[in-house]
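One letter stands for each residue in the lines below.
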Amino acid sequence: MGILSVLGGCAAVSQGLDQPMRVDVLSQKGELIPDARCRAVNDKAKVRMRSGRVIGVRRSRADLVIQCAVDGQGVATGQAISRPNIGFLGNFAIAGGVIGAAVDDSAGTAYTYPTWIQMVIGEERLYDRSGHRDESLDTGTLVRKIDTGVAVASPVAAPAH
């Protein structure tokens, strides 16, 4: 294991290139929307997924930008912050050292995103796993309301008599 850590970086061995992630999408009324069309993008890969399912996303030092769309309801956007994982720190505790850390950093394996996020149609949210490192749901922090792209019927004025 020590030799593998030096050659491949500790996080590359212990964490892998991809990490599992689940994206749930809520309507503006707070109802869970299964199978929303989502896309997650960072500097290493673009992944298409459906909400409510676990899929592998490519690890990277760069943040992960996620967008989900629901026909007739609009879009939800979010940004998952990339944070160093335990494998990266393992380079310094085990034999990987600076070389292993450099390999893991450039490959992206030294980083992890929140593993389960909840997006809301019509909102842009920020997700940061620094507040919780377990597998629990991250509802994110509201950044701003966004245009859902869905026309809202304006109230009809009562006819004048």
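Anything mentioned here points back to the structure above.
Definitions and cut-offs
Counting starts from 1 at the beginning of each chain's written sequence and moves along it residue by residue. Residues qualify for local features only when their pLDDT is at least 70, as the model is predicted, and side-chain atom pairs are given and counted only at 80 or more; totals for whole chains, interfaces and linings, by contrast, use all residues. The side-chain figures draw on all heavy atoms in the structure; neither hydrogens nor water molecules are used. Secondary structure counts use DSSP, requiring at least four H or I residues in a row for a helix and at least two E residues in a row for a strand, with both numbered from the N terminus. Residue burial is assigned from relative accessible area. The probe radius is 1.4 Å, only protein chains are included, and a residue is buried under 20% of its type maximum, exposed over 50%, and partly exposed in between. In what follows, a contact means two residues having at least one pair of non-hydrogen atoms within 4.5 Å. Accessibility throughout is a Shrake-Rupley quantity obtained with a 1.4 Å probe, and a residue counts as covered only by protein chains that appear here. Nonpolar cores were defined as sets of buried Ala, Val, Leu, Ile, Met, Phe, Trp, Tyr and Cys residues, with membership established by side-chain atoms within 4.5 Å. What counts as a disulfide here is a pair of cysteine sulfur atoms lying within 2.5 Å. Here a strand pair is declared whenever DSSP counts at least two bridges between the two strands. Helix axes are fitted to C-alpha atoms over the stretch in contact, other axes to C-alpha atoms as well, and angles between N-to-C directions run from 0 to 180 degrees. Every case where a carboxyl oxygen of Asp or Glu lies within 4 Å of a side-chain nitrogen of Lys or Arg is listed as a salt bridge.

A. Molecular detail of the overall build of the chain. Looking only at helices and strands, the chain has four helices and twelve strands in total. Across the 161 residues in the chain, those meeting the buried criterion constitute 40%. Partitioning the contacts of the chain with sequence separation of at least 6, the portion at a separation of at least 24 is 62%. When the accessible area of the chain is evaluated, it comes to approximately 8,800 Å², of which 58% is carbon and sulfur surface.

B. Structural context of the nonpolar core. Among the nonpolar cores identified, the biggest contains 21 residues, and M21, V23, V25, L64, I66 and M119 are the most heavily contacted of them. Elements supplying a minimum of two residues to this core: β1 (18-26), β3 (37-41), β4 (46-50), β6 (64-70), β7 (74-80) and β10 (116-120). Among the elements that line this core, the one with the most residues is β6, at four residues.

C. Structural view of the state of the cysteines. The full count for this structure, using the stated rule, is one disulfide. With its sulfur 2.1 Å from that of its partner, C38 forms a disulfide with C68. Here the S-S torsion is close to 110°, and the disulfide linking C38 with C68 is therefore right-handed. In this pair, C38 is assigned in strand β3 and C68 in strand β6, connecting sequence segments 30 residues apart. Each member of the pair, C38 as well as C68, carries the same accessibility label: buried.

D. View of the sheet that holds strand β12 (residues 141-145). Taken in spatial order, the six strands of this open sheet run β4-β3-β6-β7-β11-β12, and their pairing is mixed. The open sheet has two edge strands with one neighbour each: β4 and β12. Within the sheet, the average angular offset between the axes of one strand and its neighbour, ignoring direction, is 20°. Summarising the sheet, β3 and β4 pair through five bridges and their orientation is antiparallel. Across the sheet, A40 pairs through a bridge with V47, a residue of β4.

E. The pattern of salt bridges, seen in detail. For the structure on display, the rule yields seven salt bridges. In this structure, R22 engages D24 in a salt bridge whose closest nitrogen and oxygen atoms are separated by 2.9 Å. Residue R22 is classed as partly exposed on the basis of its relative accessible area of 27%. Taken together, the shared-partner salt bridges in this structure form one network comprising E123, R125 and K145.

F. Region of the structure containing unusual backbone geometry. The phi angle at D35 is positive, at roughly 65°, despite the residue not being glycine. Topologically, D35 is positioned in the loop between β2 (32-33) and β3.

G. Structural view of the pairing of β1. Here five bridges tie β1 to strand β5 (residues 54-58), and the two strands are oriented antiparallel to one another. Bridge pairing in β5 links R22 to V54. Note that β1 and β10 share five bridges and pair parallel. Within the sheet, the bridge partner assigned to V25 lies in β10 and is M119. Pairing geometry for β1 and β2, over two bridges, is antiparallel. Opposite V25, over in β2, you have I33 as the bridge partner.

Spatial relationships are all this shows, so hold off on functional conclusions.
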